[in-house]
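Below are the chains, spelled out letter by letter.
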Amino acid sequence: MAHTAPVKDWATDFDVMDPGYLEDPFTIWDRLRQTCPIPHTDRRKSSWMPLRYEDVTAIAHDVEHFSSLKVAVIPGDEDEDPNENFDGPNLEYGLPPISADPPLHTWTRRLLLPWFSHKRVDTYVALTRDLCRGLLDGFADKGHADAAADYAQQIPVRVIARILGVSPDLSDTFTGWVRDVLEFADDPERRQKGAEGLLYYFVAQLEERRHNPGDDLLSELLTTEVEGKPVDDGIVLGMAALVLIAGVDTTWSAIGSSLWHLASHPEDRQRLVSEPELMPTAVEELLRAYSPVTMAREVTQDVEFAGCPMKSGDKVLMNFPAANRDPEAFADPDVVQLDRAHNRHVAFGSGIHRCAGSNLARMELQVALEEWLARIPEFSLEQGREIAWAGGQVRGPRVLPVVFP
């Protein structure tokens, strides 16, 4: 893992992989909003990072100047020739629809949406509840657990496995690949290892579905036609990889961050236990306060935005978490109000790339919290144990020791 030099000036040399930023980005955002609401850096690649709600949403809707073809926050494999050091399968079309512009974005998103509709997500609730209860059975009587690794990490990957029609027995392997791709951006070998494992696996799965189709997303995509033609295998491969990558780390991080909040804010934990009807509103507030995902856009042509001279090829880090802490958009943004009535958060993005799986993520987060609180209504952070946070593309706790009666 590469270690970068310390940041001396966050306005002109920010680093989203800085250890201090990973642990507490909030105070850095607050300070910069007052002095430089769109800081810049030349680390890794010329990049801008809007921090205000108004700026982030404006850029998200400007698909003419800000392309989604390269969405990685840390420039890496996507800026290199995918065939240079690797003779296996590659993501020729990226991860559509998230890393695609129209028209490819438009029709690939349309293919995914039915799988994440309210009606379809309702059919996954029982599976998710059973899964959460089974996980809780494993440690509820021990008096301590790693709420991240033992619980939050285990839930989304198994639900996604059901949607993709792949074996939940490989959930730890899937999680490892996703973490390699997303969390270790400064470690090219680890990142490539994760990408290769994931791609080779899905290539084999596509071949299996051709001979033995099932009731799953991969089988449907292989038999779908768009304008009279089958969907290219490279697009199916990219969509499968997207569902796994986007559906695992993001929701796991949201669940873990929410459990961290409840463990460290007993008044909120007690309120949710005594007022369970607050849960849907509380879920939205926890998503706002601890939004896990930052995406990127690439500047397509020189443009001045809010006084910033952005050049063609520059990165713009779409800091949705910072937008959700903007005092111009939310009253008392750093205070978690479980009954916050007006909450137009952008935890799931904004514009045409708003998360297609938001219904599933909300359901998983709500069920995970409901089942935990039903089984373990009192818990707190374990004193003397460190909490490890991941960040960059997706922020959330990776080690979260808690204790309970």
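Along each chain, residue indices are assigned from 1 in the same order as the chain's sequence is written. Where totals are concerned, whole chains, interfaces and linings use all residues; where local detail is concerned, this predicted model gives features only for residues with pLDDT of at least 70, and gives and counts side-chain atom pairs only at 80 or more. The side-chain quantities take in all heavy atoms of the structure and omit both hydrogens and water.

## Considerations on helix α13 (residues 266–274)
Working step 1: Regarding α13, the residues found buried are Asp268, Arg269 and Leu272. Burial along α13 is one-sided: seen end-on, the buried residues are contained in an arc of 100°.
Working step 2: The contact criterion used throughout is that any non-hydrogen atoms of two residues lie within 4.5 Å. Helical segments are the DSSP runs of H or I of at least four residues, strand segments are the runs of E of at least two, and each set is numbered from the N terminus. Buried-residue contacts for α13 involve α12 (233–264), α14 (279–289) and α16 (358–375). Only protein chains enter the calculation, and the probe is 1.4 Å; a residue is then buried if its accessible area is under 20% of its type maximum, exposed if over 50%, and partly exposed in between. It is the directions from the helix axis to the C-beta atoms whose arc is reported.

## Observations concerning the pattern of salt bridges
Working step 1: By salt bridge we mean one thing: a side-chain nitrogen of Lys or Arg within 4 Å of a carboxyl oxygen of Asp or Glu. Inspection of every chain in the model, using the stated rule, returns 22 salt bridges.
Working step 2: Residue Asp30 is joined to Arg33 by a salt bridge in which the shortest nitrogen-to-oxygen separation is 2.9 Å. Pair noted here: Asp30 and Arg33 are both in helix α2 (residues 26–35), with a separation of 3 residues, about one helical turn.
Working step 3: Here Asp30 falls in the partly exposed class, since its relative accessible area comes to 26%.
Working step 4: Relative accessible area serves as the criterion here: at 11%, Arg33 is assigned to the buried category.
Working step 5: For Arg209, the salt bridge is made with Asp216, and the minimal N-O distance between the two is 3.2 Å.

## Here's the deal with the packing of aromatic side chains
Working step 1: Any two of the Phe, Tyr and Trp rings considered here, Trp counted by its six-membered ring, make a pair once their centres fall within 6.5 Å; the pair's planes then place it as stacked at under 30 degrees, edge-to-face at over 60, or tilted in between. Enumeration according to the criterion identifies 16 aromatic pairs in this entry.
Working step 2: Seen from their ring centres, Phe139 and Trp372 are 5.7 Å apart, and the 45° between their planes marks the pair as tilted. Linking Phe139 in the loop between α6 (125–137) and β4 (144–146) with Trp372 in helix α16, this pair joins segments that are 233 residues apart in sequence. By the burial criterion, Phe139 is buried, and Trp372 matches it.
Working step 3: Here Phe174 and Trp177 contribute two aromatic rings whose centre-to-centre distance is 5.9 Å and whose plane-to-plane angle is 50°, an arrangement assigned as tilted. In this pair, Phe174 and Trp177 both sit in helix α9 (residues 171–183), 3 residues apart, roughly one turn of the helix.
Working step 4: Here a set of aromatic residues connected by ring pairs shows up, and it is made of Phe139, Tyr151, Trp372, Phe379 and Phe404.
Working step 5: For the cation-ring pair, Arg398 lies above Trp252, with the distance from its terminal atom to the ring centre recorded as 4.2 Å. The criterion for a charge sitting over a ring is simple: Lys NZ or Arg CZ within 6 Å of the ring centre, and within 35 degrees of the ring normal.

## Considerations on the side chain of Gln154
Working step 1: With respect to the helices, strands and loops of the structure, Gln154 is situated in helix α8 (residues 154–164).
Working step 2: On the basis of relative accessibility, which here comes to 12%, the residue Gln154 falls in the buried class.
Working step 3: Here the side chain of Gln154 touches Ala149 through a polar contact of 2.9 Å, landing on its backbone oxygen. Counted as a polar contact is a pair of N or O atoms within 3.5 Å, where, for protein atoms, one must be capable of donating a hydrogen and the other of accepting one, and residues adjacent in sequence contribute only when both atoms are in side chains.

## Here we look at empty space enclosed by the protein
Working step 1: Cavities and pockets were defined on a 1 Å grid built over protein atoms only: a cavity is a set of grid points that admits a 1.4 Å probe from which the probe cannot escape, a pocket is an open set flanked by protein on both sides within 12 Å along at least five of seven lines, and lining residues are those with an atom within 4 Å of any such point. Grid points are joined across faces, edges and corners, and a volume is the space filled by probe spheres set on the points. The final tally for this structure, using the stated rule, is 3 cavities of 30 Å³ or more.
Working step 2: By volume, the largest cavity is sized at about 130 Å³.
Working step 3: Around the largest cavity, the lining is made up of 18 residues, and of these Tyr21, Trp29, Thr294, Gly392 and Arg395 lie nearest the centre.
Working step 4: The computed volume of the second largest cavity comes to approximately 80 Å³.
Working step 5: As for the second largest cavity, its lining consists of 12 residues, and the residues nearest its centre are Thr41, Arg43, Arg44, Ser47 and Val73.

## Quick look at the sheet that holds strand β10 (residues 315–318)
Working step 1: Two strands qualify as a pair provided that DSSP identifies no fewer than 2 bridges between them. One open sheet holds the 5 strands; their spatial order is β1-β2-β10-β7-β3, and the pairing between them is mixed. Since the sheet does not close on itself, it has two edges, and those belong to β1 (40–41) and β3 (66–67), each with one partner.
Working step 2: Relative to β10, strand β7 (residues 295–299) runs antiparallel, the two sharing 4 bridges. Looking at β10, one finds that Arg297 is bridged to Val316.

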